[in-house]
Amino acid sequence: MTTEKNTPESTEVESIDDVVVAAGVDDEPIEPNRRQFVGPMLWLIMALSILYSAFHLYTLNIAPLETWAFRILHVCGASILGFILFSGARFVESEKGEQGASWTTWAGVALLVPAFYVLVQTAIMQNILSGGTLRLPVEMETWRFGWPLLAVTGLGIVLSWLHRRDRSVFSVPDLVLVVCAMSVASYLVIVFNTSIRMSTGTSFAPVGISFAAVAGTALIFELTRRVAGYALVIISLVFLGYVFFGPYLPGFLGYPGLSVQRFFSQVYTDAGVLGPTTAVSSTYIILFIIFAAFLQASKVGDYFVNFAFAMAGRARGGPAKVAIFASGLMGMINGTSAGNVVSTGSLTIPLMKKVGYNKTSAGAVEAAASTGGQIMPPIMGAGAFIMAEITGIPYTEIAIAAIIPAILYFASVYFMVDLEAARTGMRGMRDDELPSLRRMVRQVYLFIPIIILIGALFMGYSVIRAGTLATVSAAVVSWISPNKMGIKSILKALEIAAYMSIQIIVVCACAGIIVAVISLTGVGARFSSLLLGVAEASQLLALFFAMCISILLGMGMPTTAAYAVAASVVAPGLVQMGIPALTAHFFVFYFAVVSAITPPVALASYAAAAISGAKAMETSVASFKMGLAAFIVPFMFFYNSALLMDAEPLAIIRALVTAIVGVYLLSSGVQAWFLRYAAPWYLRILLIIAAFLMIEGGIYTDLAGVAAGAIAFFVQKVINGRLVQTQP
């Protein structure tokens, strides 16, 4: 961690022949509410971060812990780092002479006394249980642990909202929350390592579990607000409110009801926070974040972007095509749409504007391309791992099934970009503005860690073993590159990995609370019944309904949380309709991903607009148009399973070819440009009809689509082409 702020604007662009174009792509972005420490506090947070990453590598590969205890420590560690690093209020601006309220510091010091008192109580409980006692005294759990914990947690959160200090100064109220997080984790680890664990969800569950769960839930909500915004917190609160108000709702939403103790005694179990989302974040996600951090430390991200420039920069509208290429490559090591926008968009968006794109289009291209990074095999962001965990389908099978849909998505964005560049007469970049392709080819060995990862997965190694081998190979390969990784660089990579993991771990934990509500109240099953009822009238209407719900649930949420929630609410209903589990989950996964570019709440588009200087809503609408194929692809593989590699080789090839042609025709119709000429309105309608016929996948519809496309070709090439050529 550095004390110097690194923003997207710090990415450098050079225009010297045979010199790297992009620099700083791998630098760690600093969020607006993230503290930047100096001195001893900096060294302390560096040490904690390195230990946190090393703890996961050690337990995943050498000495596994008991499952629930490991997941509790996983969430607790992220909470500790999160509350230390991310402020609950905006910072004081020293240059404006602002001063924070000192009373909040003294109030925080006062709260530390009961906070440490609660933590000491967990140690006393450990001694009691280690002596063979089967139950803890109710008075101790209630009055010496439970109520003090809730009071300190609530007051600490409120105090952190009021506490404003300089960016480099640690917050005492946040230290209170750190101690509360440790108390929650300590109690749960102690209790869940005894037979008491079996009583969760019953009237015999110790009341302390409910107290710890309420405090833990509040801490997760507060940290989620700090690292991911309000959207996920609001949705989680709506679901949580349903637990207690659901019995009073009419119709299919009503349910018998759950008591506070019965519900919260199960929140911190494998039905909730410790369930599939945290299971994935504590194993696969954290491991691949460490892998990504090692690649970043060896500057592989810079190489990916420069390789993309060398390959695609000369084409018309070159920077936009670079954005597509680079975002696909970065998607393999960066699993967030907004993260892709920040890392590659700070370079490609200014260059797109330079060659003729307006600021709205430049931001839209980057947002659409970066969103595609989420569906790019082999890593596919975190959602693929959650899909494997929920469905039980092997990860390798999911990665293979994702190949053709990813090709179609990126092909669509490429066609959109190319046709817009042709329509507006944009140029490519000059040779003196690009890195040397020969130089980039000489460094192609930097792809070796990715190749080792893919090879190990398909050779039958576990995901954990394959990820570990790839991480080690990233360090080894760096020794023959200009950015050699020594001990210092390896420790830096472990430190960066901890910072990168905080948001996704907290988001997964928060999504686990929503999953707990869905599973414990049965609202998911009732929604499935509703979906089945709609399907009786029209299966297509049911799919459209499922699409809308998936996008709605995903708006403003990171992909991981969006997919986890949609998989719990929507996917079971699709499976009950007779749709294969892989198809159903891919369906909701894709719409959870594209929610990042779907108005009115589009995180990737908003991040791109911040860089391009365009209006956020205009950028989101333009990126929605640019990524239009992503809204059609899920329906394509519903009607034609060959697009998910579930067919004979010839059928797969035919489906791929016709789908690509269909996507091109669709792009031509949307962009009003076909075969070097502007397409009139009647030809655009014909192109879109031909596209949908070829996208559907049946032999007869393909033939009809070919016929319609041939007519469009004849009209544009022979009739409209001659008219254009004869005009003075």
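One can find the structure itself at the top, above this paragraph.
Predicted model, so just to flag it, every value in this text is computed and none were measured.

### Looking at the overall build of the protein chain
A count of helical and extended segments in the protein chain gives 31 helices and four strands. Computed over the C-alpha atoms, the radius of gyration of the protein chain is 27 Å, within 12% of the 27 Å expected from 2.2 N^0.38 for a compact globule of 728 residues. Based on the C-alpha atoms only, the size of the protein chain along its principal axes is roughly 95 × 60 × 50 Å. Within the protein chain, the proportion of its 728 residues that are buried is 59%.

### Points about the nonpolar core
L574 and F586 are the most contacted members of the largest nonpolar core, which totals 244 residues. When residues of this core are assigned to their parent elements, the largest contribution, 19 residues, is made by helix α20 (residues 487–521). The contact partners of L574, leaving out residues within four places of it in the chain, are L531, L543, A546, I579, A584, F587 and V588.

### A look at the packing of aromatic side chains
A complete count under the given rule lists 31 aromatic pairs for this structure. With 5.7 Å between their ring centres and 70 degrees between their planes, Y590 and F637 make a pair best called edge-to-face. Taken as a pair, Y590 in helix α25 (residues 581–594) and F637 in helix α28 (residues 633–639) lie far apart in primary sequence, 47 residues in all. On the basis of relative accessible area, Y590 is assigned to the buried category, the value being 1%. We classify F637 as buried; its relative accessible area is 0%. Geometrically, the ring pair formed by F638 and Y639 is edge-to-face, given 4.8 Å between the ring centres and 75 degrees between the ring planes. Judged by relative accessible area, which is 40%, Y639 ranks as partly exposed. Taken together, the ring pairs in this structure connect Y563, F586, F589, Y590 and F637 into an aromatic cluster. Geometry around Y499 places R34 over its ring, the cationic atom sitting 4.7 Å from the centre.

### A short note on helix α13 (residues 359–372)
When the terminal C-alpha atoms of α13 are compared, their 20 Å separation across 14 residues agrees well with the 20 Å that a helix rising 1.5 Å per residue should span. Where α13 begins, one side-chain oxygen reaches toward the backbone nitrogen of T360, 3.1 Å away; that side chain belongs to N358.

### Looking at the side chain of S412
For S412, the location among the structural elements is in helix α16 (residues 403–424). Dropping the residues within four chain positions of it, S412 is found in contact with M626, A629, V663 and S667.

### Points about a nonpolar patch on the surface
A contiguous nonpolar patch, built from I400, I403, I407, I454, F458 and M645 and spanning about 440 Å² of accessible area, is present on the exposed surface. Of all the elements in the fold, those that place two or more residues in the nonpolar patch are α16 and α18 (448–458).

### Section: the packing of helix α2 (residues 67–85) against helix α9 (residues 276–297)
Where α2 contacts α9, the two axes come as close as 10 Å, and the packing angle between them is 80 degrees. Here α9 runs roughly perpendicular to α2, going by the angle between their axes. On the side of α2, the interface is formed by F70, R71, H74 and V75, while α9 contributes T278, A279, S281, S282 and T283. Taken together, the residues of the contact of α2 with α9 sort by class into three nonpolar, five polar and one charged.

### Brief notes about the packing of helix α1 (residues 40–61) against α9
Running from N to C, α1 and α9 cross one another at 125 degrees; their axes reach a closest spacing of 10 Å. The angle between α1 and α9 falls in the class oblique. For the pair α1 and α9, the sense of crossing is left-handed. Between α1 and α9, the residues in contact are Y52, S53, H56, L57 and L60 and S282, T283, I286, L287 and I290, respectively. Residue composition of the contact of α1 with α9, by class: six nonpolar, four polar and no charged.

### With respect to the pattern of salt bridges
Scanning the entire structure with this criterion turns up ten salt bridges. In this structure, R316 engages D418 in a salt bridge whose closest nitrogen and oxygen atoms are separated by 2.9 Å. Here the residue R316 occupies a position in the loop between α10 (300–312) and α11 (318–330), and D418 occupies one in helix α16, the gap between them amounting to 102 residues. Classification of R316 by relative accessible area gives partly exposed; the value is 39%. One salt bridge connects K321 with D418, and the closest N-O pair in it is separated by 2.6 Å. Taken together, the positions of K321 in helix α11 and D418 in helix α16 put the pair 97 residues apart, joining distant regions of the chain. Note on accessibility: K321 and D418 belong to one class, buried.

### Comments concerning the environment of N358
Within the element layout of this structure, N358 appears in the loop between α12 (337–355) and α13. There is a polar contact of 3.1 Å between the side chain of N358 and the backbone nitrogen of T360. Looking at N358, its side chain comes within polar contact range of the main-chain nitrogen of S361, at 2.7 Å.

### Quick word on helix α7 (residues 230–245)
Between its terminal C-alpha atoms α7 stretches 22 Å, which fits the 22 Å expected from 16 residues at 1.5 Å a residue. Buried residues of α7: L232, V233, I235, S236, F239, L240, G241, Y242 and V243, and no others. Each element contacted by the buried residues of α7 is listed here: α6 (207–228), α8 (260–267), α20, α21 (523–537), α22 (539–554) and α23 (559–569).

### Overview of the environment of T619
Note that T619 resides in helix α27 (residues 616–626). Here the alpha-carbon distance between T619 and A607, two residues twelve residues apart in the chain, equals 9.7 Å. The contacts of T619, once residues within four sequence positions are left out, are T360, G363, A364, S605, A608, A609 and A614. At 2.9 Å, the side chain of T619 and the backbone oxygen of K615 are in polar contact.

### A look at the state of the cysteines
Evaluation of the coordinates by the stated rule reveals zero disulfides. Here C180 is not disulfide-linked; the sulfur of C76 is the nearest cysteine sulfur, at 11 Å. With relative accessibility at 1%, the residue C180 sits in the buried group. Looking at C510, it has no disulfide partner, and the nearest cysteine sulfur is the one in C508, 10 Å off.

### A short note on the side chain of R226
Looking at the secondary structure, you find R226 in helix α6. At 2.9 Å, the side chain of R226 and the side chain of S160 are in polar contact. Of note is the side chain of R226, whose polar atom sits 2.7 Å from the side chain of E222. Dropping the residues within four chain positions of it, R226 is found in contact with N33, F83, F86, S87, G88, S160, D174 and L177.

### Structural notes on empty space enclosed by the protein
Going through the model one piece at a time under the given rule, you end up with three cavities of 30 Å³ or more. Residue assignment for the lining of the largest cavity shows that the elements contributing at least two residues are α2, α5 (172–192) and α6. If one sorts the elements of the lining of the largest cavity by residue count, α2 sits on top with four residues. Residue composition of the lining of the largest cavity, grouped by class: nine nonpolar, two polar and no charged. Empty space within the second largest cavity amounts to approximately 50 Å³. If you trace the second largest cavity, you find it lined by R35, S87, G88, F91, S160, H163, R165, D166, V169, S171 and D174. A per-class count over the lining of the second largest cavity returns two nonpolar, five polar and four charged.

Each value, and the rule that gives it
- Residues numbered from 1 in each chain as written.
- Predicted model: local features only at pLDDT ≥ 70, side-chain atom pairs only at ≥ 80, totals over all residues.
- Heavy atoms only, no water.
- Helix = DSSP H or I, 4+ residues; strand = E, 2+ residues; numbered from the N terminus.
- Rg over C-alpha atoms; globule rule 2.2 N^0.38 Å.
- Buried < 20%, exposed > 50% of the residue type's maximum accessible area, 1.4 Å probe, protein only.
- Core = buried A, V, L, I, M, F, W, Y, C linked by side-chain atoms within 4.5 Å.
- Contact = heavy atoms within 4.5 Å.
- Phe/Tyr/Trp six-rings, centres within 6.5 Å; stacked < 30°, edge-to-face > 60°.
- Lys NZ or Arg CZ within 6 Å of the ring centre and 35° of its normal.
- Expected span 1.5 Å × (residues − 1).
- Polar contact = N/O pair within 3.5 Å; in protein donor to acceptor, adjacent residues only side chain to side chain.
- Patch = residues over 30% accessible without salt bridge, like charges linked within 9 Å, V, L, I, M, F, W, Y side chains within 5 Å.
- Areas by Shrake-Rupley, 256 points an atom, 1.4 Å probe, with all protein chains shown as cover.
- Salt bridge = Lys/Arg side-chain N within 4 Å of Asp/Glu carboxyl O.
- Axes fitted to C-alpha atoms, helices over the stretch in contact; angles between N-to-C directions.
- Parallel < 35°, antiparallel > 145°, perpendicular 65-115°, else oblique.
- Nonpolar A, V, L, I, M, F, W, Y, C, P; charged D, E, K, R; others polar.
- Left-handed = near helix turned anticlockwise from the far one by under 90°.
- Disulfide = S-S within 2.5 Å.
- 1 Å grid on protein atoms, 1.4 Å probe; cavity = no way out; pocket = protein on both sides within 12 Å on 5 of 7 lines; lining within 4 Å.
- Points joined across faces, edges and corners; volume = space filled by probe spheres on them.

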